Amino acid sequence: MRTLFNNSKYAQRKQMKKETPSENIVRSLVKCCLSISCWDGKVDSPELAHELEVAKKAEKGAFDAKVCYLPPHYAKPITVAASQLRTYWDANTLPWENGGWKICTAKKYQALMDGTVQRKRTFDTAVEDLINNYDDVYAASKVKVKEAFRADKFPSKADLALKYGVHIYRNSVNAANDVRIEGLSDAVVADIRMDVNKQYEDQIQMAVANIAARLREVAVDIIDRTSKGAEGLKFATLVAKINKTCDSLSGLNLTDDPRIDELIAKFKNMGKVDSDILRESENTRSDLKSQAKDILSALDSFKG
């Protein structure tokens, strides 16, 4: 992916500002992390594990057993909302560091936060429904697990509420030239700055590779679906996937590579196709497949 990063635009910036391309890029990035607490309702049950050991004549410790206390009609809306929030977050950010840290460009940041708040509201509403109906949940749990129910294993209303939450952590990405460490010599600090800059270069390449991988996945999906004829295929889903990918990647071209913008623009144009026409017209499917193949070829050129 090196060719995605080493373009003339950043060579010019380097001459103008005496900074490396990575230092120019990281100054306009927001580092962020999404953390979702979501209890699955499962509690360890040594009693059931022991019963299995006895029933199966197994050695002690041969089994682990859990009891799922939460009724599905209360648990599912929460897990679905949490999954949708994680999916949205992953689609609208790029990988950066271990520990769940992602990055978002400054131009994309507000849209990311707006979408996150909207989906967090859905999660919070589902959690509120669970907590507000605590007595019903408790009673339904007793019916659900019957003799396996243990009152001391079921959280109190206050404890149950603490098991759910959405937290967003945000920070800036400091350029290598901004590194300041008291007590170290200038030479040592300069050496550390070189390591930081190299780390940023690698992380930027990883982020750009993630963009290319997403585009490639959609192109491959288009080719696959348009090669199978029309019967039984959900072309509305395919068109929605094209548009969703374009929306997610919009504003995430952190290197400002014009080739990425061009490919996204091509996908946007492809996403304008009517799904019914796509189903009915073999020529339309063939044309869409041809465009997707051209995009794959362009993506292959990024491997230099």
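One numbering rule holds for all chains: residues counted from 1, following each sequence as written. Confidence filtering applies because this is a predicted model: local features only for residues at pLDDT of at least 70, side-chain atom pairs given and counted only at 80 or more, and all residues used for totals across whole chains, interfaces and linings. As a rule here, side-chain values come from all non-hydrogen atoms in the structure, and water together with hydrogens is ignored.

Visitor: For this particular structure, what's the right way to read the packing of aromatic side chains?
Guide: Geometrically, a pair of aromatic rings is defined through the distance of the ring centres and the angle of the planes. The aromatic pairing rule takes the rings of Phe, Tyr and Trp, using the six-membered ring of Trp, and pairs them if the centres are within 6.5 Å, calling planes under 30 degrees apart stacked, those over 60 edge-to-face and the rest tilted. All chains considered together, the criterion is met by 8 aromatic pairs. On the numbers, 6.2 Å between centres and 35° between planes, the contact of Phe149 with Phe154 is tilted. The class for Phe154 is buried, based on a relative accessible area of 6%. Within the aromatic cluster, the residues linked to one another by ring pairs are Tyr69, Tyr134, Tyr138, Phe149 and Phe154. A ring is scored as having a charge over it whenever the NZ atom of a lysine or the CZ atom of an arginine sits within 6 Å of its centre and within 35 degrees of its normal. The ring of Tyr88 is capped by Arg119, whose NZ or CZ atom sits 3.9 Å from the centre of that ring. Its guanidinium or amino end placed over the ring of Trp39, Lys163 lies 5.2 Å from that ring's centre, counting from NZ or CZ. Note on classification: 1.4 Å probe, protein chains only; a residue is buried when its accessible area is under 20% of the maximum for its type, exposed when over 50%, partly exposed between these limits.

Visitor: Would you mind showing me how to read the packing of helix H11 (residues 258-270) against helix H13 (residues 282-300) here?
Guide: Two quantities define a packed helix pair, namely the angle between the axes and the distance from one axis to the other. Lines fitted to C-alpha atoms define the axes here, with helix axes fitted over just the stretch in contact, and angles between the N-to-C directions of these axes take values from 0 to 180 degrees. Helix and strand labels come from DSSP, where a helix needs a run of H or I of at least four residues and a strand needs a run of E of at least two; each type is numbered from the N terminus. One way to put it is that H11 packs onto H13 with a least axis distance of 11 Å and a crossing angle of 170°. By the angle class used here, H11 and H13 are roughly antiparallel. Crossing handedness for the pair H11 and H13: left-handed. In contact with Leu263, Lys266, Phe267, Asn269 and Met270 of H11, H13 contributes Leu288, Gln291, Ala292, Ile295, Ala298 and Leu299. Gly is placed with the polar residues, together with every amino acid not listed as nonpolar (Ala, Val, Leu, Ile, Met, Phe, Trp, Tyr, Cys and Pro) or charged (Asp, Glu, Lys and Arg). By residue class, the composition of the contact of H11 with H13 is 8 nonpolar, 2 polar and 1 charged. Any angle between 65 and 115 degrees counts as roughly perpendicular, while under 35 counts as roughly parallel, over 145 as roughly antiparallel, and the rest as oblique. Working rule for handedness: look at the near helix, and if it is turned counterclockwise from the far one by less than a right angle, call the crossing left-handed; if clockwise, right-handed. The criterion used for residue contact is that any of the two residues' heavy atoms lie within 4.5 Å.

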